[in-house]
Amino acid sequence: MTAPATYPSLHGRTALVTGAAGGIGRAICAALSAQGVTVYASDRTLPEAQSGCIPLVLDVTDPEDWAAAMARISQEAGKLDVVVNNAGIYAPASLEAETAEGFDRIMKINQFGTFWGMKAALPLLSEGASIVNLSSIGGMVGYGGTFGYAGAKWSVRGMTRSAARELAPRKIRVNTVCPGVIDTPMFYENDPAQLDAFLETVPLGGLGKPEDIANAVLFLASDQAAYVTGSDILVDGGLIA
Ligand SMILES: NC(=O)c1ccc[n+]([C@@H]2O[C@H](COP(=O)([O-])OP(=O)(O)OC[C@H]3O[C@@H](n4cnc5c(N)ncnc54)[C@H](O)[C@@H]3O)[C@@H](O)[C@H]2O)c1
């Protein structure tokens, strides 16, 4: 087994991760914590305690929750070095089947939640800070049956690039990680009849692991990615190659 990469530059830093109770969020929190990062692990309900992490309730659609989280981090840590906007929902629906309520909900969580996550964190971000936003292969190509999700995840990439340019003078970097099909509860929301077909088309074979995504987040969070901003790291086993 390959030894995990180490990023000494991350030691002693402070991070906030949203959606930390989910499959990928948990793995990101564990990976950051293993590098000596103090991690505020947030979700809409209090995530289970995880070694090295401080659980926090934060609904990403609620500006008051963001304000409370930032006030607490400011008081306890004084600054924020890494923000991972990972919370998201999938809720697949075609253009024909999507409803106004469904579309609004997916935009509120996946798009507005990422917008507000970046905006709320701005005053606390240190020089050299890193924001990592979770997009998707669904934010890079089109898939039938995921209309609202695609709209939100393409938007995450657009907001990321715009923020990367705006924040570069403060040496704050903003990037996305775009997962393919990863073994978390979200993947199993796809039509069961289509799951095998999906997997058969992955050139490297099989589902990705949450840790595969966490590894890309670690790199972007670290000083090893000091010259990387406005970029997308695709972690999909070659699915859309
Ligand atoms: N699993 C995959 O195959 C896959 C593929 C591409 C992209 N992604 C992206 O990766 C990210 C993590 O997904 P995952 O696979 O871990 O899914 P998951 O369903 O396991 O976890 C998502 C987490 O987000 C949280 N969440 C939802 N709404 C929230 C809100 N309003 N406020 C705060 N938290 C909220 C949920 O409670 C959950 O803990 C998502 O942005 C997702 O779109 C996942």
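J.: Is there a simple way to think about the state of the cysteines in this case?
T.: Two cysteines, two sulfur atoms, one covalent bond between them: this is a disulfide. A complete count under the given rule lists 0 disulfides for this structure. Among the cysteines around Cys-29, which has no disulfide bond, Cys-53 carries the closest sulfur, lying 4.7 Å off. You can call Cys-53 buried: its relative accessible area is 12%.

J.: What's the story with the pattern of salt bridges in this structure? I'm lost.
T.: Oppositely charged side chains are able to pair whenever their charged atoms sit close together. As enumerated under the stated definition, the model contains 6 salt bridges in all. A salt bridge links Glu-76 to Arg-72; the nearest nitrogen and oxygen atoms lie 3.0 Å apart. Remark: Arg-72 and Glu-76 occur in helix α2 (residues 63-76); sequence separation between them is 4 residues, near one turn of the helix. Note on Glu-76: relative accessible area 46%, which makes it partly exposed. Given a relative accessible area of 30%, Arg-72 falls into the partly exposed group. The salt bridge involving Asp-232 is made with Arg-161; its shortest N-O contact spans 2.5 Å. Here Asp-232 is found in strand β7 (residues 232-235), whereas its partner Arg-161 is found in helix α4 (residues 147-167), with 71 residues between them in sequence. Judged by its relative accessible area of 17%, Asp-232 falls in the buried class.

J.: Can you walk me through the site of the ligand in this structure?
T.: Near the ligand, the surroundings consist of 28 residues, among which Ile-24, Asp-43, Asn-86, Tyr-149 and Thr-184 are the closest. Within the side chain of Tyr-149, an N or O atom sits 2.7 Å from an oxygen atom of the ligand. Bound to the protein, the ligand loses 92% of the 830 Å² it would expose on its own. For the ligand, the cavity whose grid points lie within 2 Å of the majority of its atoms is the largest pocket. Those elements giving two or more residues to the shell around the ligand turn out to be α1 (23-34) and α4. A breakdown of the residues in the shell around the ligand according to their chemical character gives 14 nonpolar, 10 polar and 4 charged.

J.: Would you explain the packing of α2 against helix α3 (residues 100-121) in this entry?
T.: A pair of packed helices is captured by two measures, namely the crossing angle of their axes and the spacing between those axes. Between α2 and α3, the shortest axis-to-axis distance is 10 Å and the interhelical angle comes to 35°. At the point where α2 passes α3, the crossing takes the right-handed sense. From α2, Pro-63, Trp-66 and Met-70 reach across to α3, where they touch Phe-112, Gly-113, Trp-116, Gly-117, Ala-120 and Ala-121. Per-class residue counts for the contact of α2 with α3 are 7 nonpolar, 2 polar and no charged.

J.: Sorry, what's going on with the layout of surface pockets here?
T.: One way to see where empty space is left: roll a probe the size of a water molecule over the atoms. The space that makes up the largest pocket amounts to roughly 1000 Å³. Residue lining of the largest pocket: 45 residues in total, with Gly-88, Ile-89, Tyr-90, Tyr-149 and Met-186 positioned closest to the centre. Among the secondary structure elements, those contributing two or more residues to the lining of the largest pocket are α1, α3, α4 and α5 (192-200). Classifying every residue of the lining of the largest pocket by side-chain character gives 21 nonpolar, 17 polar and 7 charged.

J.: For this particular structure, what's the right way to read a nonpolar patch on the surface?
T.: Together, Leu-95, Phe-103 and Phe-147 line one region of the surface with nonpolar side chains, adding up to about 290 Å² of accessible area. With respect to the helices and strands, Leu-95 occurs in the loop between β4 (80-85) and α3. We classify Leu-95 as exposed; its relative accessible area is 59%.

J.: I would appreciate a short explanation of the packing of α3 against α4 in the present structure.
T.: Two numbers describe how α3 lies on α4: the axes approach to 9 Å, and their chain directions differ by 15°. In terms of orientation, α3 and α4 fall into the roughly parallel class. Helix-helix and strand crossings are classified by hand; for α3 and α4 the assignment is right-handed. The segment α3 lies against α4, with Phe-103, Ile-106, Met-107, Asn-110, Gln-111, Thr-114, Phe-115 and Met-118 engaging Phe-147, Gly-148, Tyr-149, Gly-151, Ala-152, Lys-153, Ser-155, Val-156, Met-159 and Ala-163. Across the contact of α3 with α4, the residue classes tally to 11 nonpolar, 6 polar and 1 charged.

J.: Please explain the sheet that holds β7 as it appears in this structure.
T.: Within a sheet, adjacent strands bond to each other through the backbone by hydrogen bonds, running parallel or antiparallel. Read from one edge of the open sheet, 7 strands run β3-β2-β1-β4-β5-β6-β7, paired in parallel fashion. At either end of the open sheet lies a strand with only one pairing partner, and these are β3 (53-57) and β7. The mean inter-strand angle of the sheet, taken between neighbouring strand axes irrespective of direction, is 20°. Sheet topology note: the strand β2 (residues 38-43)/β3 ladder contains 5 bridges and is parallel. Residue pairing for β3: Ala-41 is matched across the bridge by Pro-55. Against the sheet, α3 contacts β4, β5 (125-134) and β6 (173-179), and its axis sits at roughly 175° relative to β4.

Reading guide: rules and limits
- Residues numbered from 1 in each chain as written.
- Predicted model: local features only at pLDDT ≥ 70, side-chain atom pairs only at ≥ 80, totals over all residues.
- Heavy atoms only, no water.
- Disulfide = S-S within 2.5 Å.
- Buried < 20%, exposed > 50% of the residue type's maximum accessible area, 1.4 Å probe, protein only.
- Salt bridge = Lys/Arg side-chain N within 4 Å of Asp/Glu carboxyl O.
- Helix = DSSP H or I, 4+ residues; strand = E, 2+ residues; numbered from the N terminus.
- Near = heavy atom within 4 Å.
- Polar contact = N/O pair within 3.5 Å; in protein donor to acceptor, adjacent residues only side chain to side chain.
- Areas by Shrake-Rupley, 256 points an atom, 1.4 Å probe, with all protein chains shown as cover.
- 1 Å grid on protein atoms, 1.4 Å probe; cavity = no way out; pocket = protein on both sides within 12 Å on 5 of 7 lines; lining within 4 Å.
- Sits in = over half its atoms within 2 Å of the grid points.
- Nonpolar A, V, L, I, M, F, W, Y, C, P; charged D, E, K, R; others polar.
- Axes fitted to C-alpha atoms, helices over the stretch in contact; angles between N-to-C directions.
- Left-handed = near helix turned anticlockwise from the far one by under 90°.
- Contact = heavy atoms within 4.5 Å.
- Points joined across faces, edges and corners; volume = space filled by probe spheres on them.
- Patch = residues over 30% accessible without salt bridge, like charges linked within 9 Å, V, L, I, M, F, W, Y side chains within 5 Å.
- Parallel < 35°, antiparallel > 145°, perpendicular 65-115°, else oblique.
- Pairing = 2+ DSSP bridges.

Take it as geometry only, folks, not as evidence of what the structure does.
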